[in-house]
Amino acid sequence: DGGITQSPKYLFRKEGQNVTLSCEQNLNHDAMYWYRQDPGQGLRLIYYSQIVNDFQKGDIAEGYSVSREKKESFPLTVTSAQKNPTAFYLCASTNTGTRGSGTQYFGPGTRLTVL
Amino acid sequence: DQQVKQNSPSLSVQEGRISILNCDYTNSMFDYFLWYKKYPAEGPTFLISISSIKDKNEDGRFTVFLNKSAKHLSLHIVPSQPGDSAVYFCAASAINNQGGKLIFGQGTELSVKP
């Protein structure tokens, strides 16, 4: 089956610890994205990557880091510098194609809770 | 600066009736619009999209209307079913924008009552 997987589904972290969220896609999409959702808010872009070994900051990148060593993988690290990390994290991917953007398809999400 | 706005945080509709979800945008460079449906603790699923060269796109019970002069789009669901109860997000993008970014509204929670 083609799709996007995120793991784990639920993650608990102590304050001061870094934690890495996994995102894998087998859709052969070139672009991948990380969003954060907080209650009553829309999706806010953390980081995105259009091509392997390249990525850009989104609107709320502070306290986060990413890597894109393989086309199918785009892990997100939530560092201890992120002041309010408890949230629902969503990964998405798309082929940007000739128009530069396309429909993004989302993974099931990871709920991160900082204790 | 909220470029995509969904001003109604919630909407309640009777089963079988029409649901109308609204979305406004401010950036005139947006030319592609999408609607996503999201259940709690799950990722959003793509519903329907529309390009700015059209003013209507229909897919089964779902129709999206675009009014470019008013910078407004709406999603019509008819007839509404209890399984449609979810949060609906509209999103927009501009052609050749850097990175294919989508800008999302805050979402509208739809409740369809039997």
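Here the structure is shown first, and the text comes after it.
Residues numbered from 1 in each chain as written. Chains lettered and ligands numbered in written order. Predicted model: local features only at pLDDT ≥ 70, side-chain atom pairs only at ≥ 80, totals over all residues. Heavy atoms only, no water.

Sheet strands associate in pairs through backbone hydrogen bonding, adopting either a parallel or an antiparallel arrangement. Residues and elements named next belong to chain A. Spatially, β1-β3-β8-β7 is the arrangement adopted by the four strands of the open sheet, whose pairing is antiparallel. Only two strands of the sheet have a single partner each, and these edge strands are β1 (4-7) and β7 (64-66). When the angles between neighbouring strand axes are averaged without regard to direction, this sheet yields 20°. Here three bridges tie β7 to strand β8 (residues 76-78), and the two strands are oriented antiparallel to one another. Among the inter-strand pairings, Y64 is bridged to a residue of β8, identified as V78. (Pairing = 2+ DSSP bridges. Helix = DSSP H or I, 4+ residues; strand = E, 2+ residues; numbered from the N terminus. Axes fitted to C-alpha atoms, helices over the stretch in contact; angles between N-to-C directions.)

Before going further, it helps to spend a moment on the side chain of R36(A). Within the element layout of this structure, R36(A) appears in strand β4 (residues 31-37). At 2.6 Å, the side chain of R36(A) and the backbone oxygen of N84(A) are in polar contact. (Polar contact = N/O pair within 3.5 Å; in protein donor to acceptor, adjacent residues only side chain to side chain.)

This part covers the interface of chain A and chain B. Between chain A and chain B, the residue contacts involve 25 residues of the former and 24 residues of the latter. Between chain A and chain B, the buried area comes to about 1900 Å², and carbon and sulfur atoms account for 55% of it. Our count for the chain A to chain B interface comes out at zero salt bridges. For the side of chain A that touches chain B, the elements supplying multiple residues, two or more each, are β4, β5 (43-51), β9 (87-94) and β10 (105-106) of chain A. (Contact = heavy atoms within 4.5 Å. Buried area = accessible area lost by both parts, 1.4 Å probe. Salt bridge = Lys/Arg side-chain N within 4 Å of Asp/Glu carboxyl O.)

Once that is clear, we can look at the pairing of strand β3 (residues 19-25) of chain B. Residue and element names in this part refer to chain B. The two faces of β3 differ: S19, L21, C23 and Y25 on one face are buried, but I20, N22 and D24 on the other face are not. Strand direction decides the pairing type here: strand β1 (residues 4-5) and β3, joined by two bridges, are antiparallel. Each bridged residue has a counterpart across the sheet, and for K5 the counterpart in β3 is D24. Pairing between β3 and strand β8 (residues 72-77): six bridges, direction antiparallel. What sits directly across from I20, in β8, is H76. (Buried < 20%, exposed > 50% of the residue type's maximum accessible area, 1.4 Å probe, protein only.)

Before going further, it helps to spend a moment on the side chain of H76(B). Residue and element names in this part refer to chain B. Looking at the secondary structure, you find H76 in strand β8. Separated by 3.4 Å, the side chains of H76 and S74 make a polar contact. Setting aside residues up to four positions removed in sequence, H76 forms contacts with I18, S19, I20, R61, F62, T63 and F65.

Now for unusual backbone geometry. Here S7(A) and P8(A) are connected by a cis peptide whose omega angle stands at -5°. When you line up the elements, P8(A) lands in the loop between β1 and β2 (10-13). Between V78(B) and P79(B) the backbone carries a cis peptide bond, its omega angle lying at -5°. The residue P79(B) is located in the loop between β8 and β9 (86-94) in this model.

All names here are of chain A. As for its placement among the helices and strands, A31 is situated in strand β4. Of the residues examined, A31 reaches a relative accessible area of 0% and is grouped as buried. For the pair A31 and A92, spaced 61 residues apart in sequence, the C-alpha to C-alpha distance is 8.4 Å. Sequence-distant contacts of A31, that is, excluding residues within four places in its chain, are made with S49, Q50, R68, A92, S93, T94 and T96.

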